[in-house]
Amino acid sequence: MTLLDVAYGRRPADTVIVNGILVNVLTGELYPAEVGIFEGRVAYVGQAREHGPGAEVIDARGGYLVPGLIDGHLHIECSKLSVTSFADLVVPFGTTSVVSGLDQILVVEGLPGVRRFLDESKRTGMRIWWGAPAKAPYTVPQSNVGFTFGPDEHREAHTWPECVGIWETVQEMVEHGDPAVHEALELARRNRLPVFGCAPLSDARRIAGLAAAGIRLDHESYSHEEMLEKLRQGIYGIIRESSVAFFLEENIKVVEKAGARRIAFCTDDVHAADVLAGGHVDKLVRMAIKAGVDPVTAIQMATVNCAEMYRIDHEVGSISPGRLADVLIVDSLEDFRIREVVAGGSVVARDGRMIAPTAPPARGEVTPFPVRQVTAGDFVLRSDAAEVDVLAIEFTEQVFVRRRRDLRLPVVDGVVEPSVEHDALLVTVVERYGKTDGPNAAVAVVSGMGLREGAIATSAAPDDNNVICVGASREDMAVAVNEVVRMGGGQVVVVGGQVRERLPLPIGGIVSDLPAHEMAAAETRLDELARELGCPLPAPLMYLFFLSITAIPDYAVTDLGLVDCVNLDVVEVIQ
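Everything quoted here is computed from the prediction, not taken from an experiment. (Residues numbered from 1 in each chain as written. Predicted model: local features only at pLDDT ≥ 70, side-chain atom pairs only at ≥ 80, totals over all residues. Heavy atoms only, no water.)

Quick look at the side chain of threonine 558
Examined against the element boundaries, threonine 558 turns out to sit in strand 27 (residues 555–558). Under the relative-accessibility criterion, threonine 558 is labelled buried at 0%. The residues contacting threonine 558, other than those within four sequence positions of it, are Thr139, Ser143, Val429, Ala442, Asp464, Ser548, Thr550 and Val563. (Helix = DSSP H or I, 4+ residues; strand = E, 2+ residues; numbered from the N terminus. Buried < 20%, exposed > 50% of the residue type's maximum accessible area, 1.4 Å probe, protein only. Contact = heavy atoms within 4.5 Å.)

What about the sheet that holds strand 27?
Read across the sheet, three strands follow the order 27-28-29 without closing on themselves; strand pairing throughout is antiparallel. Of all the strands in the sheet, just strand 27 and strand 29 (569–571) have a single pairing partner and so form its edges. Each adjacent strand pair in this sheet contributes to an overall mean axis angle of 45°, direction not counted. The sheet contact formed by strand 28 (residues 561–564) and strand 29 spans three bridges and is antiparallel. Paired with aspartate 564 across the two strands is aspartate 569, which belongs to strand 29. (Pairing = 2+ DSSP bridges. Axes fitted to C-alpha atoms, helices over the stretch in contact; angles between N-to-C directions.)

Focus: helix 16 (residues 516–532)
In this model, helix 16 (17 residues) spans 24 Å end to end at C-alpha, consistent with the 24 Å of a helix rising 1.5 Å per residue. Among the residues of helix 16, those classed as buried are Ala516, Met519, Ala520, Ala522, Glu523, Leu526, Asp527, Leu529 and Ala530. Just downstream of helix 16 lies glycine 534, where phi reads positive at about 115°. (Expected span 1.5 Å × (residues − 1).)

Here's the deal with the layout of surface pockets
In this structure, the largest pocket encloses a volume near 430 Å³. As for the largest pocket, its lining consists of 17 residues, and the residues nearest its centre are Asp88, Met354, Pro515, Ala516 and His517. At the level of secondary structure, the elements contributing two or more residues to the lining of the largest pocket comprise helix 2 (83–90), strand 17 (353–354) and helix 16. The element best represented in the lining of the largest pocket is helix 2, accounting for four residues. When residues of the lining of the largest pocket are assigned to domains, at least three map to each of domain 1 (67–316) and domain 2 (376–570). Here the second largest pocket is characterised by a volume of approximately 330 Å³. Lining the second largest pocket we find 17 residues, and of these Glu109, Glu365, Pro506, Gly508 and Gly509 sit closest to its centre. (1 Å grid on protein atoms, 1.4 Å probe; cavity = no way out; pocket = protein on both sides within 12 Å on 5 of 7 lines; lining within 4 Å. Points joined across faces, edges and corners; volume = space filled by probe spheres on them. Domains from an automatic or database assignment.)

Here's the deal with the environment of glutamate 183
Checked against the element boundaries, glutamate 183 lands in helix 6 (residues 179–190). Each C-alpha atom, one on glutamate 183 and one on valine 91, is 37 Å from the other, the two residues being 92 residues apart in sequence. Other than its neighbours up to four places away in sequence, glutamate 183 contacts Pro151 and Arg155.

Interpretation note: all reported values are geometric properties and have no functional meaning in isolation.
Encoded structure:
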């Protein structure tokens, strides 16, 4: 028996969904329809047919049948959850497909790590459509990582069935002619793979260049005017609403001017606690509806629009014959709460919970990072003057954008000291892979973290996942870094030389098999303690790891030092 036999009515389906109202995202229509499924794929949609004696019947009880939701750009590892734990978190909220570069495990373990995560996803109700990163790491100048990813790796990756295109193509790498990235773009052209951009704060000139280079879509618009210009020049737009970057309310305005046909949704980076409290892509659908978008249009943005821009609409994005049988049952399109989730033809979640939690695969032994113990003396800026002018990295209201702040700091016994009074803390990035004589600890100054004492540190730190630490005390910074190294990865808060809170991340030093509710509780403890120490940011540990991203202006810090993200060069902290 084949799918065609069922489609043509020669054989009965093995699973049928009855008593539902189809949300046909292909035509925008709503009408009663039965969905016949065979071996995880939709065979027919329409009038009821005779069921075989062994067919499983799923009764929608008058609910609407909606395609599984698609997150159009997601760094799974930034949740600190393993693929298994993350899938069990988002599937009950209706997310059955995500597009991800798996770029964080890539720089830690290379292609074998990506392969392991892709295979792991097949045990869950969530499909990963993989974008091979244009280049990894994304840092410019290139920081030290466990594994790099370039043209040679692209040649292998493009043959993988999960590979749907080139991921996170940073605009500076295109504009300034990075040879490895341009070779990857040529390989993509030959292999007929689309290219996905990363172009924040772009003007019309830069957008024209990106479009000419073949960039198909972009998720990094900071205003609806910026997104509109990308749409005008042929680039699809993805509206982002993450745990720390809130752009939907602004960018949804573009729908009124340009329509929704070429627009989708993504969450990019999310906390477990935020998803548990408010939902995942379903939350974005509700936000769009609240902003005035028609419910069916909002659902199209979360399903078929995304599938078409990624050229995976022959597999997902609609409830239609031949597609994977990912179907949501909802009682109200306006309120849009997921009652049941069918993934691959089986009911896997109901009323916000997985019917049965997914068992993670066996993991290897956890070992400390190959880094010697650090001391406070490793985190110093030296000067012979009594005071020095320093260039500090300052957080702005837009979390991803860090501006320059000029400060004058005291020098004690030849060492530049942090100043709690002036919110000038030390930040270090310690190379964790043993690639350099070490520890290779870059030191800079950061403003906006607000710590009055102590230190916070993390090895979950895109884009290279080295150990990043901010502190009001060099001694506490040393304790924090050493604890992360000892755990083989994780996050810590240290006060007075004592580890007050820790979160081990044993898988690649970046994620854990903790269930989402336990991860949320651990995140809350860490963040609340950091706020007790004076940090005003809503998610201190998550904000911390954005300090090392050089793809977004104006300044960042990597294990190479303080980076000018506009001129793409390492600069001096002491001016």
